[in-house]
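Topology and contacts: notes
Each chain, letter by letter, is given below.
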Amino acid sequence: MSSGTGLFVTFEGGEGAGKSTQIRRLAEALKSEGHDVLVTREPGGSPGAEAVRHVLLSGAAEAFGTRMEAILFAAARNDHVEEVIRPALAEGKVVLCDRFMDSSRVYQGITGNLEPDFIETLQRVAINGVMPDCTVILDIPARVGLERAQKRAAAVGPDRFEKEQLETHEKRREAFLDIAAREPERCHVVDALQTEEAIAAEILAIVRQLRSSPAGHARTPEAAHHE
Ligand code: TYD
């Protein structure tokens, strides 16, 4: 990878897929190879977006409805892109982001029942040409993911396992896989049922491959408009 162009890798997936563990491992591996790595997350990642994160995750925005929540996610994303991600990429950093636009497509678009055109327009405005070079989708059956997530968070009660909720999570899983099928060059589905080591090795191989391939990435506003 040439200097000044950076590399933007996003991580997506459902509950308990192990995104944060894998991001940490990848960051360590890349740093040990001498890369300048920035780990960030959504919603949040910049001071403005972290403030919006609180509004969204506390449920304070729920009363405004799914559309307004989607707009808030997009507003936070745009701030994060312009304040943190774009400058880091311009400095040649490898940016690893825990969730990005695909989460909006899945959570707000599919399970929030919002019109695809509305969601796509919002994402185009939010990312403003800063497309991920690569998106790692950690794929896990909803039930397994929920069980893992529940083990982690002892405060979470058994109602997480209610049928309807499980169905929602399964729907999200399918939606992530659909995105991967539609955008196979950008998206890499990784089986999150493998051992932590095997998953880490697979992700590292994907990222290494990216860095050695020519920079045919769509990180220009023009290219983003082709979506
Ligand atoms: P977080 O605590 O970061 O959870 P996780 O470990 O699952 O990433 O919470 C982020 C939540 O926000 C998560 O439930 C997914 C949701 N979300 C959206 O609904 N839309 C989005 O665009 C993003 C980025 C996240």
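Residues numbered from 1 in each chain as written. Predicted model: local features only at pLDDT ≥ 70, side-chain atom pairs only at ≥ 80, totals over all residues. Heavy atoms only, no water.

1. Observations regarding the confidence of the model for the chain
In the predicted model, the chain carries a mean pLDDT of 89, and 87% of its residues have values of at least 70. Between residues 156-162, whose pLDDT stays under 50, and residues either more than four places distant or in other chains, the model counts 13 contacts. Segment residues 216-227 is flagged for pLDDT under 50; beyond a separation of four residues in sequence, or across chains, it makes 23 contacts in the model. (pLDDT = per-residue confidence, 0-100. Contact = heavy atoms within 4.5 Å.)

2. Focus: the site of the ligand
With respect to spatial proximity, the complete set of residues near the ligand consists of Lys-19, Glu-42, Pro-43, Arg-53, Leu-57, Phe-73, Arg-77, Arg-99, Ser-103, Ser-104, Tyr-107 and Gln-108. Measuring from an oxygen atom of the ligand, one finds a side-chain N or O atom of Arg-77 at 2.9 Å. Between an oxygen atom of the ligand and a side-chain N or O atom of Arg-99, the distance comes to 2.6 Å. For the ligand, the cavity whose grid points lie within 2 Å of the majority of its atoms is the largest pocket. Among the elements that line the shell around the ligand, the one with the most residues is helix α4 (residues 101-110), at four residues. In terms of residue class, the shell around the ligand is built from four nonpolar, three polar and five charged. (Near = heavy atom within 4 Å. Polar contact = N/O pair within 3.5 Å; in protein donor to acceptor, adjacent residues only side chain to side chain. 1 Å grid on protein atoms, 1.4 Å probe; cavity = no way out; pocket = protein on both sides within 12 Å on 5 of 7 lines; lining within 4 Å. Sits in = over half its atoms within 2 Å of the grid points. Helix = DSSP H or I, 4+ residues; strand = E, 2+ residues; numbered from the N terminus. Nonpolar A, V, L, I, M, F, W, Y, C, P; charged D, E, K, R; others polar.)

3. Structural notes on the sheet that holds strand β1 (residues 7-13)
If you walk across this open sheet you meet the five strands as β2-β3-β1-β4-β5, and the pairing is parallel. The strands lining the two open edges of the sheet, one partner per strand, are β2 (37-41) and β5 (187-191). Adjacent strand axes in the sheet meet at a mean angle of 20 degrees when their direction is disregarded. Lying on the sheet, helix α1 (residues 19-32) is in contact with β1, β2, β3 (94-98) and β4 (134-139); it crosses β3 at an angle near 170 degrees. (Pairing = 2+ DSSP bridges. Axes fitted to C-alpha atoms, helices over the stretch in contact; angles between N-to-C directions.)

4. What about a nonpolar patch on the surface?
A contiguous nonpolar patch, built from Phe-64, Met-68 and Ile-71 and spanning about 290 Å² of accessible area, is present on the exposed surface. Among the secondary structure elements, Ile-71 is positioned in helix α3 (residues 66-90). (Patch = residues over 30% accessible without salt bridge, like charges linked within 9 Å, V, L, I, M, F, W, Y side chains within 5 Å. Areas by Shrake-Rupley, 256 points an atom, 1.4 Å probe, with all protein chains shown as cover. Salt bridge = Lys/Arg side-chain N within 4 Å of Asp/Glu carboxyl O.)

5. Some words on the nonpolar core
Core analysis: the biggest nonpolar cluster contains 23 residues, and Leu-96 and Ile-203 have the highest contact counts within it. When contributions to this core are tallied by element, the ones reaching two or more residues are β1, α1, β3, β4 and α8 (196-212). For this core, the element with the highest residue contribution is α8, accounting for six residues. If we ignore the near neighbours within four places in the chain, the residues touching Ile-203 are Phe-11, Gln-22, Leu-26, Val-136, Leu-138 and Val-190. Counting twelve residues, the second largest nonpolar core, distinct from the first, contains Phe-8, Val-95, Cys-97 and Val-130. (Core = buried A, V, L, I, M, F, W, Y, C linked by side-chain atoms within 4.5 Å. Buried < 20%, exposed > 50% of the residue type's maximum accessible area, 1.4 Å probe, protein only.)

6. Examining the packing of aromatic side chains
Counted under the stated rule, the structure contains one aromatic pair. Ring centres of Phe-8 and Phe-100 lie 5.0 Å apart, and the angle between their planes is 80 degrees; this geometry places the pair in the edge-to-face category. Of this pair, Phe-8 sits in strand β1 while Phe-100 sits in the loop between β3 and α4; the two residues are 92 residues apart in sequence, bridging distant segments of the chain. Look at Phe-8 and you get buried, because its relative accessible area is 0%. Geometry around Phe-118 places Arg-67 over its ring, the cationic atom sitting 4.4 Å from the centre. (Phe/Tyr/Trp six-rings, centres within 6.5 Å; stacked < 30°, edge-to-face > 60°. Lys NZ or Arg CZ within 6 Å of the ring centre and 35° of its normal.)

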